[in-house]
Amino acid sequence: NAGVTQTPKFRILKIGQSMTLQCAQDMNHNYMYWYRQDPGMGLKLIYYSVGAGITDKGEVPNGYNVSRSTTEDFPLRLELAAPSQTSVYFCASSLDGYNSPLHFGNGTRLTVT
Amino acid sequence: EDQVTQSPEALRLQEGESSSLNCSYTVSGLRGLFWYRQDPGKGPEFLFTLYSAGEEKEKERLKATLTKKESFLHITAPKPEDSATYLCAVQATSGTYKYIFGTGTRLKVLA
């Protein structure tokens, strides 16, 4: 029962570096999401995907990119990391996007210094 | 604008002391309201979905209720293992497949 798997769990980046946060799900869910969670701010949607090859922006997409080449994988790319991107990043998936609960991974804690 | 507000921000209870957490929402049309539990260093874990006013769901010591403007998560005779942050999220009928989250209630149950 893997569910949603995120790697790495922790990462420290220097300003200007780039990295990819990996997310994979084994539940055959079509809908996948990337959120960031900052203290006192709640979960904010970065990008989401309704199926392979289809992605769209959420509330806070600037500085991020995504791709969805398979149903299982939904990587998040950070280009030119900035201190404002220090956060905990959660990937989630849902069965159909309507009334279905989100299933979350355990997050990636990213620090940009 | 669709919005979710949770209160209180933090709550300390003695073991066995029942209480309720509140989730107030403003959406053009409610598709569903979701409760999650989040432990430190973990992702949110799904608890309940409520779809219409008057609906109730129960799981062990937790009971979630829904009205047209808010939801309550009632915790009966809590135990220390119920300590966590409880998140509420709504999905609106308008717009796309997005879930709007509140900022959560941090619950601490003391033995």
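Scroll up for the structure.
Here's what I pulled together on the structure shown here. Just so you know, these numbers come straight off a predicted model, no measurement behind them.

### Observations regarding the packing of aromatic side chains
Next, step 1: Counting across every chain of the model gives 12 aromatic pairs over all chains.
Next, step 2: A centroid spacing of 5.9 Å and a plane angle of 40° characterise the contact between Tyr36 of chain B and Phe101 of chain B, whose relative ring orientation is tilted. Highlighted residues: Tyr36 of chain B in strand E4 (residues 30-38) and Phe101 of chain B in strand E10 (residues 99-101), separated in sequence by 65 residues.
Next, step 3: With a relative accessible area of 0%, Tyr36 of chain B lands in the buried category.
Next, step 4: Joined through ring pairs, the aromatic side chains of Tyr33, Tyr35, Tyr48, Phe90 and Phe104 of chain A together with Phe34, Tyr36, Phe46, Tyr99 and Phe101 of chain B make up one cluster.
Next, step 5: Across from the ring centre of Phe74 of chain A, 5.9 Å away, lies the NZ or CZ of Arg68 of chain A, which sits over that ring.

### Section: the pattern of salt bridges
Next, step 1: Per the stated rule, a full pass over the model turns up 6 salt bridges over all chains.
Next, step 2: Here Asp38 of chain A makes a salt bridge to Arg36 of chain A, at a shortest N to O gap of 3.0 Å. You'll find Asp38 of chain A and Arg36 of chain A in the same group, each marked buried.
Next, step 3: The residue Arg61 of chain B makes a salt bridge to Asp82 of chain B at a minimum N-O spacing of 2.8 Å. Of the two residues, Arg61 of chain B sits in the loop between strand E6 (56-59) and strand E7 (62-66) while Asp82 of chain B sits in the loop between strand E8 (70-75) and strand E9 (84-92), which places them 21 residues apart along the sequence.
Next, step 4: Judged by relative accessible area, which is 6%, Asp82 of chain B ranks as buried.

The rules behind these values
Residues numbered from 1 in each chain as written. Chains lettered and ligands numbered in written order. Predicted model: local features only at pLDDT ≥ 70, side-chain atom pairs only at ≥ 80, totals over all residues. Heavy atoms only, no water. Phe/Tyr/Trp six-rings, centres within 6.5 Å; stacked < 30°, edge-to-face > 60°. Helix = DSSP H or I, 4+ residues; strand = E, 2+ residues; numbered from the N terminus. Buried < 20%, exposed > 50% of the residue type's maximum accessible area, 1.4 Å probe, protein only. Lys NZ or Arg CZ within 6 Å of the ring centre and 35° of its normal. Salt bridge = Lys/Arg side-chain N within 4 Å of Asp/Glu carboxyl O.

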